[in-house]
Amino acid sequence: MAAQPTGFIAFVKKYAKFLINRYRRLHLFGKLLIWLVALFYVLFGVFIIVVTPARIAQYLYDKTRILAQTSWGWFALGAAIVVISFPPLIGHTTLVSLCGFAYGMKGFFIGATGSLIGAAVVFVVLRYLFSERLRAWSSQNAKWQALESVVKAKGLPLIILIRISPFPPWVYSNSLFASIEPVKLWQFVVATLFIFPKIALHTFIGSKIAALSDGDQRGHMDTRTKVLNGVFIAGGILVALFTSWTVYNSVQSHIRHMEGFPPEVDELAAEAVEDYDEEAPLLSPPAGGR
């Protein structure tokens, strides 16, 4: 077995490989959409430079204040988190940070509740709509059989470890667990509780960005307070990146060195988690439809 790359570079390479593979599998219109989105972000960057970040931040802050003051604002954010929990949608981290931006640390309860409900709904819907496809997939896939065997043997502790790993990303992690037949709904819900510290961190970052976005609040801050808020934001982002890298490597190392299984089974199980994306197994077209 070839030695597996470790460290932050390997972590970055894994995400790059994931994105490249997704792009290559897209049809022409899908690739065109990606380029249009890229063009949008380039134009948006130019827009930010011309209008200035301060004016844009103030505008966003004013709009989120209006949202926070409405009686349904919290419900709208929570419902949005539930919706984007379904693959292939994205934006979980952004919406959780927006909860902090709009509500401060109270937004944690919105982000955590929406995430928990969204994950559970995705699990139930995918599991029961695609149960036959799941069995057909797992019966022909050695990696999946290895993953199911180690999860069944190790139970909740291993499920928690995989759940807190940053890879696969949020929506595909929901699909991943729905795809592993030995995982029960209650185990998935309990494991999801362990991502709450990450949700709290992103809520905190959002709340600090909001404090610097409002010109009135910023005007009443002395230089030391502004610097501290900037340090908190940068520190929060660095903590999120470092913990993601650490957890990812720890989970992969743990799966590859579990006792009670042949090394080849451990390796196949680790690869099943690493190579998982929206194409397998629940969301891919049936074999006859290709």
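For clarity, every value in this text was computed on a predicted model and none was experimentally measured.

With twelve residues, helix α5 (residues 92–103) ought to run about 16 Å at 1.5 Å a step, and its terminal C-alpha atoms sit 17 Å apart, in line with that. Of all twelve residues in α5, nine are buried, a share of seventy percent or more. Considered for burial, the residues of α5 that qualify are H92, L95, V96, S97, C99, G100, F101, A102 and Y103. Backbone geometry just after α5 places G104 at a positive phi near 70°.

Where helix α9 (residues 156–164) meets helix α11 (residues 185–193), the closest approach of the two axes is 9 Å, and the angle between their N-to-C directions is 50°. Taken as axis vectors, α9 and α11 run oblique relative to one another. Judged by the sense of rotation from one axis to the other, the crossing of α9 with α11 is right-handed. Taking contact as the criterion, the partners of L156, I159, I160 and R163 in α9 are, on α11, W186, Q187, F188, V190, A191 and T192.

Let us now look at the packing of aromatic side chains. For the coordinates displayed, the defined rule picks out six aromatic pairs. Ring geometry for F108 versus F109: centroids 5.5 Å apart, planes at 70°, classification edge-to-face. Of the residues examined, F109 reaches a relative accessible area of 57% and is grouped as exposed. On the numbers, 5.6 Å between centres and 45° between planes, the contact of F177 with F188 is tilted.

Here is what the cut-offs are and how they apply
Residues numbered from 1 in each chain as written. Predicted model: local features only at pLDDT ≥ 70, side-chain atom pairs only at ≥ 80, totals over all residues. Heavy atoms only, no water. Helix = DSSP H or I, 4+ residues; strand = E, 2+ residues; numbered from the N terminus. Expected span 1.5 Å × (residues − 1). Buried < 20%, exposed > 50% of the residue type's maximum accessible area, 1.4 Å probe, protein only. Axes fitted to C-alpha atoms, helices over the stretch in contact; angles between N-to-C directions. Parallel < 35°, antiparallel > 145°, perpendicular 65-115°, else oblique. Left-handed = near helix turned anticlockwise from the far one by under 90°. Contact = heavy atoms within 4.5 Å. Phe/Tyr/Trp six-rings, centres within 6.5 Å; stacked < 30°, edge-to-face > 60°.

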